[in-house]
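Summary of structural features
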Amino acid sequence: MHLRTTAVLCVLAGQALSTYTWPSKYDDLEDILAMHSGYRRFGFSDLVVPCSFGSNSPGIQNSAEWMRSVFHDMATYDASTGTGGLDASLQFELDRAENKGSAFNNTFAAMNDFVTPRTSVSDLLALSLVAALAACDGPKIPLRAGRIDATEAGPAGVPEPTDDLEATRDKFRKGGFNDEDMIAMVACGHSLGNIHSVDFPEIVPGEATDLNVGHFDSTSSEFDNKVITEYLENDTANLLIVGANDTFNSDKRVFNADGNVTMTSLADPASFQEKCANIFERMINTVPSTVTLSEPIEILDVKPYVNPLRLQEDGTILFEGSIRVRNNADRQLNGDDLEVFLNYRDRSGANVTEPITAVRARLKGGQSYGFWNNVFTWFEFSVSLDASTAISSFDIHLTTPSTGASLLLDNEGTGGYAVTSDLLYQQTASCLAFNDMAAALSVTAALRKELVDTNSPPLLQLSHRVTQPGVMLPKLELETIPFQMSSDRETSGYLYFQANATLTGGWSTTFDIETQPGGDENGLRIELLKTNSLSATCGP
């Protein structure tokens, strides 16, 4: 959850901390990618840790399924028209023979809790490939965001094992990929995972069971070039090369499409990693021509998390949150040798002399862990502020006690990390009550009295999760609901407003509170609030 004024510039996290200003609309993707275990994690990425993990389902390997899902979604791209590509249309195409198996719905099911108005399914697909490679010691590839989800099925055209070489070539060429690209994409993609007898009984001999699988190589849970070297050494058990029925030996046809020139180059481990990184990056960046992708999302060294401000019973405002710091030897950042505090400015912009200390979290050592050996330490703060002066922004100060070195972060010269104390979300006075088939949502907000416009009340922007027949993931539909003023309630110069709605689909969803529709530049917004954090009974 992020609290911001809509006038604050949101810039994507780039190659270095110096290009990032907080908050970013892609902060949630960075969170999901950054942490998979420890004190705080955001889920999803931990589903591929370790590389062999399959959610305790026999014969399943999530990392390989995620990789396969990305390929099948992207593979129908038409370079001549700029249509298709990685757009999540695959979720509407699972009745086709070219998309056999449970891998795709398994992948989409893993994404269910992470789809929001700011996080598209197709961006999650891209993230899933980046995470799968990271978990399996594969190459690190940049993750860009901004993909837009399709709302219906696209044309067919995923390569199938029964396609002859020319038919396969034609499908790759349609997407703008040449023979070398085709060979690299298939070889790199088949470094992980297996062929499932329940999906391809015509390829995998023996009884069709969950546990009966055919391996592409001898290290199906490691991202390495064994699939290449074993092929070149005629020592492979890959059933798409040495299968009894040559009709299904698609890997044999593809790998030898240029007389093994590309495969020979991939036999070098360094070349394999480099070329796989290149082709996978091109895969996830193959998007409709109407889509503009962001700059690469980088894992941040320092990142603030601010809970929505709220009025307390004594009339003060609760300002609380945490600062996440990544260990970075180059910048001399080490969470085990660090003190963190905040300097803040009040509502008028005047500096407040008393700093706010952020204390290291204790549970699980206060640390989270992520890919690429990242270690994050959490420092938490909580303070009550005078509602008449409150807060407008803060800076982050980091001090290394052992050396005396200090670092001041002011959100890249934007005037600090901006928060608003003018519009508040009263979570404790909000609730989600359940009845037979629906959930009743009640949301309470507070707005400074001098900012109240009786002709333009605050708005609740509620995202409904609407079930789609035959599709794993819901469709998000936005409902705008005006707040109603609670005429008898005023605290510390704030007036209270309430909005009510009924959730008939999924009850775990998100909503925004804003003072102007559509995020007007003069308005205030509290974004991506979650219904699953609400109790069943509204407090005072």
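Residues numbered from 1 in each chain as written. Predicted model: local features only at pLDDT ≥ 70, side-chain atom pairs only at ≥ 80, totals over all residues. Heavy atoms only, no water.

1. Details of the overall build of the protein chain
When helices and strands are tallied, the protein chain shows 10 helices and 23 strands. For the protein chain, whose C-alpha radius of gyration is 26 Å, the value lies close to the compact-globule estimate of 24 Å for 540 residues. By principal-axis analysis of the C-alpha atoms, the protein chain measures approximately 80 × 60 × 40 Å. Pairs at least 24 residues apart make up 67% of the contacts formed inside the protein chain by residues separated by at least 6 positions. Surface exposure of the protein chain reaches about 22,500 Å², of which carbon and sulfur atoms provide 49%. (Helix = DSSP H or I, 4+ residues; strand = E, 2+ residues; numbered from the N terminus. Rg over C-alpha atoms; globule rule 2.2 N^0.38 Å. Contact = heavy atoms within 4.5 Å. Areas by Shrake-Rupley, 256 points an atom, 1.4 Å probe, with all protein chains shown as cover.)

2. Description of the state of the cysteines
Within this structure, the stated rule accounts for 3 disulfides. What pairs with Cys51 in a disulfide is Cys136, and their sulfur atoms sit 2.0 Å apart. Between Cys51 and Cys136, the S-S dihedral sits near 90°, and the bridge is therefore right-handed. With Cys51 in the loop between β2 (37–38) and α2 (62–74) and Cys136 in the loop between α4 (121–135) and α5 (165–174), this pair connects stretches of sequence that are 85 residues apart. Comparing Cys51 with Cys136, the two get one shared label, buried. Disulfide pairing places Cys431 opposite Cys538 at an S-S distance of 1.9 Å. Here the S-S torsion is close to -75°, and the disulfide linking Cys431 with Cys538 is therefore left-handed. One end of the pair, Cys431, is in strand β16 (residues 431–434); the other, Cys538, is in the segment after β23 (524–530), with 107 residues separating them in the sequence. With relative accessibility at 29%, the residue Cys538 sits in the partly exposed group. (Disulfide = S-S within 2.5 Å. Buried < 20%, exposed > 50% of the residue type's maximum accessible area, 1.4 Å probe, protein only.)

3. Some points on the domain arrangement of the protein chain
By the assigned domains, the protein chain splits into domain 1 (26–285), domain 2 (302–416) and domain 3 (423–530). One C-alpha centre belongs to domain 2, the other to domain 3, and the line joining them spans 28 Å. Contacts between the two partners involve 8 residues from domain 2, matched on the other side by 12 residues from domain 3. Of the roughly 850 Å² buried between domain 2 and domain 3 on both sides combined, carbon and sulfur atoms contribute 63%. Interface area lost by domain 2 to domain 3 is led by Pro308, Arg310 and Leu311, which between them contribute 57%. At the junction of domain 2 with domain 3, the criterion picks out 0 salt bridges. (Domains from an automatic or database assignment. Buried area = accessible area lost by both parts, 1.4 Å probe. Salt bridge = Lys/Arg side-chain N within 4 Å of Asp/Glu carboxyl O.)

4. Details of the UniProt feature "domain: Plant heme peroxidase family profile" (unreviewed entry) in the protein chain
Taking the numbering used here, the UniProt-annotated feature "domain: Plant heme peroxidase family profile" (unreviewed entry) corresponds to residues 120–331. With 33% helix and 11% strand, residues 120–331 has end C-alpha atoms that lie 33 Å from one another. (UniProt positions renumbered as here; feature names shortened; annotations may be inferred.)

5. Focus on the pattern of salt bridges
Enumeration over the complete set of coordinates arrives at 31 salt bridges. Asp163 is paired through a salt bridge with Lys171; the nearest N and O atoms lie 2.8 Å apart. Through salt bridges that share partners, Asp28, Arg118, Asp512, Glu514, Arg525 and Glu527 make up one connected network.

6. Examining unusual backbone geometry
Looking along the chain, the bond that leaves Trp22 and enters Pro23 is cis, with omega of -5°. Among the secondary structure elements, Pro23 is positioned in the loop between β1 (2–5) and α1 (27–34). The amide bond that connects Val49 to the next residue, Pro50, takes the cis arrangement and shows omega of 0°. Its location among the elements puts Pro50 in the loop between β2 and α2. Phi is positive for Gln332, which is not a glycine, with a value near 55°. Within the secondary structure layout, Gln332 lies in the loop between β7 (317–326) and β8 (339–345). Residue class for Gln332 comes out exposed when judged on its relative accessible area of 57%. A positive phi angle, near 60°, is found at Glu412, a position not held by glycine. Looking at where Glu412 falls in the secondary structure, it is placed in the loop between β13 (406–409) and β14 (417–418). Residue Glu412 is classed as partly exposed on the basis of its relative accessible area, which comes to 38%.

7. Considering the side chain of Ser89
One can find Ser89 in the loop between α2 and α3 (103–111). Here Ser89 falls in the buried class, since its relative accessible area comes to 3%. Polar side-chain contacts of Ser89 include one of 2.9 Å to the side chain of Glu93. In this structure Ser89 touches Asp73, Ala150, Glu152, Ala153 and Gly154, once residues within four positions along its chain are discounted. (Polar contact = N/O pair within 3.5 Å; in protein donor to acceptor, adjacent residues only side chain to side chain.)

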